[in-house]
Amino acid sequence: MYGSSSNTSGPTGEYVWIAPPRCQGTPSVPVGTTVEVGMADAFVWDGFAGLLAPLSPAYATSDGKHINTVGQDRYCNASVWIPQIAEVAVPGYSIQGKWALMTSFPFNLCGHGMKTGPWKGDRSLHVKSLIQVGGPIGVTMFFVTAPTKWAAFPEACKDITAIPITTSSLNQFMLTSQMPGFQAYLAHSAGGPLHTMTLEDDEAGEPLILSVTIVCFFAAAICLLCTILAAVTLRKLPSRTTFAAGILWWEGAAAIVRATIYIIAQPPHGPYFYNGVDFATDQYFWVVMRPLGVPTTVLTSLVWLKFTLFRSKPPIAYDVFMLLFTLAATAINFWAALKYPVDFTENGILLASMQDASNTAKREQVRMTVIFESLSAFIFLTGNVMWLAKLSTVAKTSPALAKVAGKCLKIMSIQMIALGLILFCDVSILNNVETALGPLPDEQGQLEYDDVRSSFLIEPLAEAMLGFSQVWAVRALSSSSSSSSSSSSSSSSSSSSS
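Please read all numbers here as calculations on a predicted model, not as lab measurements.

Scoring rules and cut-offs
- Residues numbered from 1 in each chain as written.
- Predicted model: local features only at pLDDT ≥ 70, side-chain atom pairs only at ≥ 80, totals over all residues.
- Heavy atoms only, no water.
- Helix = DSSP H or I, 4+ residues; strand = E, 2+ residues; numbered from the N terminus.
- Buried < 20%, exposed > 50% of the residue type's maximum accessible area, 1.4 Å probe, protein only.
- Contact = heavy atoms within 4.5 Å.
- Areas by Shrake-Rupley, 256 points an atom, 1.4 Å probe, with all protein chains shown as cover.
- Pairing = 2+ DSSP bridges.
- Disulfide = S-S within 2.5 Å.
- Core = buried A, V, L, I, M, F, W, Y, C linked by side-chain atoms within 4.5 Å.
- Axes fitted to C-alpha atoms, helices over the stretch in contact; angles between N-to-C directions.
- Parallel < 35°, antiparallel > 145°, perpendicular 65-115°, else oblique.
- Left-handed = near helix turned anticlockwise from the far one by under 90°.
- Nonpolar A, V, L, I, M, F, W, Y, C, P; charged D, E, K, R; others polar.
- Phe/Tyr/Trp six-rings, centres within 6.5 Å; stacked < 30°, edge-to-face > 60°.
- Lys NZ or Arg CZ within 6 Å of the ring centre and 35° of its normal.
- Salt bridge = Lys/Arg side-chain N within 4 Å of Asp/Glu carboxyl O.

1. With respect to the overall build of the chain
Part 1 of the argument: Summing up its helical and strand segments, the chain has 17 helices and seven strands in all.
Part 2 of the argument: Of all 498 residues assigned to the chain, the portion counted as buried reaches 54%.
Part 3 of the argument: Look at the contacts in the chain between residues 6 or more apart in sequence, and 79% of them connect residues 24 or more apart.
Part 4 of the argument: About 20300 Å² of surface is accessible on the chain, with carbon and sulfur atoms providing 63% of the total.

This is the structure in C-alpha cells:
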C-alpha cells in the first residue's frame with residue numbers, strides 16, 4: 001500500500017510507504033481516495049518526547065526514563081491534548097475528517113507504556129480516544145523499526161473497527177520538508193498549505209511478511225517432527241533417566257515451544273495475522289529461540305566426548321561436570337538472550353532515541369549470545385570429532401559400527417552447518433545492528449532488504465534443524481549401543497560354540 005503525497009501548492013510525487021491494517025475487524029484502506037493529512041501526536045508538539053525539548057518532570061518517573069501515569073493522562077487522552085494543541089496551533093486546528101499521522105511514541109508510551117504499563121490498562125485506548133474526540137478517517141503510525149510488524153499489534157489497533165489503522169517508516173515522516181509529517185506539522189503550526197495523500201493499491205511489504213511466515217511454518221513443521229521423533233526414541237530407550245534421555249525430553253518439549261512461537265508470531269518480522277500478543281510479550285518470542293537449543297547442543301557434545309574419553313563406565317565426577325556445565329551454559333545463554341527485552345524496557349526511550357535504545361539493548365544481547373554460541377560450537381566440534389575418530393577406528397572390525405559411524409558423520413555435518421548458520425546470522429546482526437533493526441523502507445519508499453535482514457529468513461530453519469539433528473544424534477547413539485550389544489552377544493555365542 002502506498003500513499004502518494006502532495007500539497008495544494010503543487011504535487012511533489014513523494015511516496016509514503018504504508019502497511020495495511022492487520023487487526024481483526026479493522027477496516028481496509030479506501031484505495032483511490034485522496035485525503036487531507038493532519039498531525040495527531042501530542043508528543044511531537046511537545047518536543048518529540050524529550051528528544052528536542054525535555055519532558056516535564058511532572059510527566060516522567062523519578063529517573064526520567066519513563067512516562068508516568070500523570071503524563072499518560074496528558075499525552076494519551078485526546079480530550080486533553082487536542083484542546084491544548086488547538087491553543088498553540090493556527091486557528092481552526094482540527095483532525096476531523098483528516099487522515100491522522102503520528103510517530104510511534106503513542107504506541108510505545110501509551111499502548112505499551114514500558115515499565116509504567118498501558119494507559120489505564122487498555123493497550124489501544126489512546127487510539128480509541130483519538131477516534132472519539134478527534135474524528136479522523138484513518139491513522140498512520142510511523143515506526144523506527146520494520147513497520148510491517150506493528151500493524152498487527154494490540155497497541156495499534158485492538159478492537160478498532162471504525163477506521164483503518166496503518167503503519168509506515170519514520171524515514172518517511174519528517175526527514176525532508178516534502179514528507180507528510182513535516183507538511184502536516186507546518187500546516188498546523190505555521191499555516192502552511194494543506195497536505196493531501198492519495199491512497200493507492202500496492203503490494204508494498206506483503207511478499208516480505210509472507211515469505212517470513214512461510215519459512216516459520218516450515219520451521220514449525222520440522223519442530224513438530226522433532227517432537228514425534230523424540231517421543232518414539234524415548235520409548236525405545238532402556239532407561240529414561242540418562243543424559244541421552246534428558247536430551248530427548250528437553251528437545252521434544254523445546255520443539256513444541258518453538259513450533260508454537262513460529263506459528264503464532266513468526267519472529268522477528270511477524271506476525272502476519274493478528275494474534276492478540278502484545279509488544280511486551282512479543283519481544284521475548286524473538287530472543288528465546290536461541291537459548292532453547294543450548295542445553296542439547298552442549299550436552300550432546302559432552303556425551304559424545306564421554307564416549308571418546310572413557311572405554312568403560314566414566315567416573316561419577318564427569319557426569320556431575322556434564323550436568324553442572326550444561327546448566328551453567330543454559331543459564332548464561334538465557335540471561336544473555338533476555339538482556340534485550342529487559343534492558344529495552346528498563347531503560348525506556350525518553351533519555352535516548354527509540355532506535356538508539358533498541359540498538360544498544362540488542363547489541364549487548366547479541367554480543368553475549370555470540371560469545372557463548374562460539375564456545376558451544378567449539379565444544380560441540382571437539383567432542384564430535386574425537387568421538388568420530390574413535391568410532392572410525394573401532395568400526396574397522398565391526399560393519400555395524402562402521403554403519404553407525406557413517407550415520408553419525410552425516411548428522412554431525414548437519415549440526416555443524418546449522419550451528420554455523422546460526423552463528424553467521426548473529427555475527428551479521430552484531431556487525432550491522434543499525435541496519436538490521438532499522439526501517440525497511442528508505443526515504444523514497446523503496447523496500448530495503450539486504451543480506452543482514454535475509455538472515456532472519458535463515459534463522460528459523462537453522463534453529464529447527466539443529467534441534468532435530470540433536471534428537472537424530474541420540475537415536476543414532478542408541479542404535480550404536482544396541483549394535484555394540486548385539487556384536488558382543490554374537491562374539492560370546494561364537495566363542496561358546498568353539
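Now, onward.
2. Considerations on the pairing of strand β5 (residues 138-143)
Part 1 of the argument: For β5, a buried count of six out of six residues is recorded, marking the element as mostly surrounded by other parts of the structure.
Part 2 of the argument: Where burial is concerned, the two faces of β5 agree: the one with G138, T140 and F142 and the one with V139, M141 and F143 are both buried.
Part 3 of the argument: Taken together, the five bridges between strand β4 (residues 99-103) and β5 define a ladder with parallel strand orientation. Across the sheet, T103 pairs through a bridge with F142, a residue of β5.
Part 4 of the argument: By the bridge criterion, five bridges tie β5 to strand β6 (residues 165-169) in an arrangement that is parallel. Its bridge partner being in β6, F142 is matched across the sheet by S168.

3. Some details on the state of the cysteines
Part 1 of the argument: This model, assessed by the stated rule, comprises two disulfides.
Part 2 of the argument: Paired through a disulfide, C76 and C110 show a sulfur-sulfur distance of 2.0 Å. Between C76 and C110, the S-S torsion sits near -90 degrees, and that sign places the bridge as left-handed. A residue pair is termed long-range when its members are at least 10 positions apart, and C76 in the loop between α2 (69-75) and α3 (78-88) and C110 in helix α4 (residues 105-112) qualify at 34 residues. Each of the two residues, C76 as well as C110, counts as buried.
Part 3 of the argument: Shown here for the chain is a disulfide pattern of 1-4, 2-3, where each number marks a bonded cysteine counted in sequence order.
Part 4 of the argument: Of all cysteine sulfurs, the one in C223 lies closest to C226, which takes part in no disulfide; the gap is 6.8 Å.

4. Digging into the nonpolar core
Part 1 of the argument: By size, the foremost hydrophobic cluster in this structure holds 57 residues, and its most contacted members are W81, M141 and I165.
Part 2 of the argument: Sequence-distant contacts of W81, defined by excluding residues within four places in its chain, comprise A40, D41, A42, R74, Y75, C76, Y93 and L130.
Part 3 of the argument: Within the second largest apolar cluster, 56 residues are counted, among which are A219, I247, L248 and V471.

5. Overview of unusual backbone geometry
Part 1 of the argument: Despite not being glycine, M114 has its phi angle at roughly 50 degrees, a positive value.
Part 2 of the argument: Along the chain, M114 turns up in the loop between α4 and α5 (125-134).
Part 3 of the argument: Phi is positive for K120, close to 55 degrees, though the residue is something other than glycine.
Part 4 of the argument: On the secondary structure map, K120 appears in the loop between α4 and α5.

6. As for the packing of helix α11 (residues 279-292) against helix α13 (residues 316-347)
Part 1 of the argument: For the pair α11 and α13, interaxial distance at closest approach is 8 Å and the crossing angle is 160 degrees. Looking at the two axes, α11 sits roughly antiparallel to α13. Crossing of α11 against α13: the hand is right-handed. Contacts between α11 and α13 pair F279, Q283, Y284, W286, V287, V288, P291 and L292 from the former with N333, F334, A337, L338, Y340, P341, V342, F344 and T345 from the latter.
Part 2 of the argument: By residue class, the composition of the contact of α11 with α13 is 14 nonpolar, three polar and no charged.

7. Section: the packing of aromatic side chains
Part 1 of the argument: Across all of its chains, the model carries 17 aromatic pairs by this definition.
Part 2 of the argument: A centroid spacing of 6.5 Å and a plane angle of 65 degrees characterise the contact between F107 and F153, whose relative ring orientation is edge-to-face. In this pair, F107 is assigned in helix α4 and F153 in the loop between α6 (147-150) and α7 (154-157), connecting sequence segments 46 residues apart.
Part 3 of the argument: For the pair W286 and Y340, a centre-to-centre distance of 6.2 Å together with 80 degrees between the ring planes defines the contact as edge-to-face. A residue pair is termed long-range when its members are at least 10 positions apart, and W286 in helix α11 and Y340 in helix α13 qualify at 54 residues.
Part 4 of the argument: The structure contains a cluster of three or more aromatic residues connected by ring pairs, namely F107, F143, W150, F153, F279, W286, Y340 and F344.
Part 5 of the argument: Across the ring face of Y272, the terminal group of R22 is positioned such that the distance to the ring centre comes to 4.9 Å.
Part 6 of the argument: The ring of Y75 is capped by R74, whose NZ or CZ atom sits 4.5 Å from the centre of that ring.

8. Considering α4
Part 1 of the argument: With eight of eight residues buried, α4 lies mostly within the body of the structure.
Part 2 of the argument: Looking at the residues trailing α4, positive phi occurs at G113, about 80 degrees.

9. Looking at the pattern of salt bridges
Part 1 of the argument: Taken as a whole, this structure holds 14 salt bridges when the rule is applied.
Part 2 of the argument: Residue K120 is joined to D73 by a salt bridge in which the shortest nitrogen-to-oxygen separation is 3.7 Å. With K120 in the loop between α4 and α5 and D73 in helix α2, this residue pair connects regions lying 47 residues apart in the sequence.
Part 3 of the argument: Under the relative-accessibility criterion, K120 is labelled exposed at 62%.
Part 4 of the argument: Under the relative-accessibility criterion, D73 is labelled partly exposed at 34%.
Part 5 of the argument: Residue R290 pairs with E459 through a salt bridge whose shortest N-O separation is 2.4 Å. Taken together, the positions of R290 in helix α11 and E459 in helix α17 (residues 451-497) put the pair 169 residues apart, joining distant regions of the chain. E459 shares its class with R290; the two are buried.

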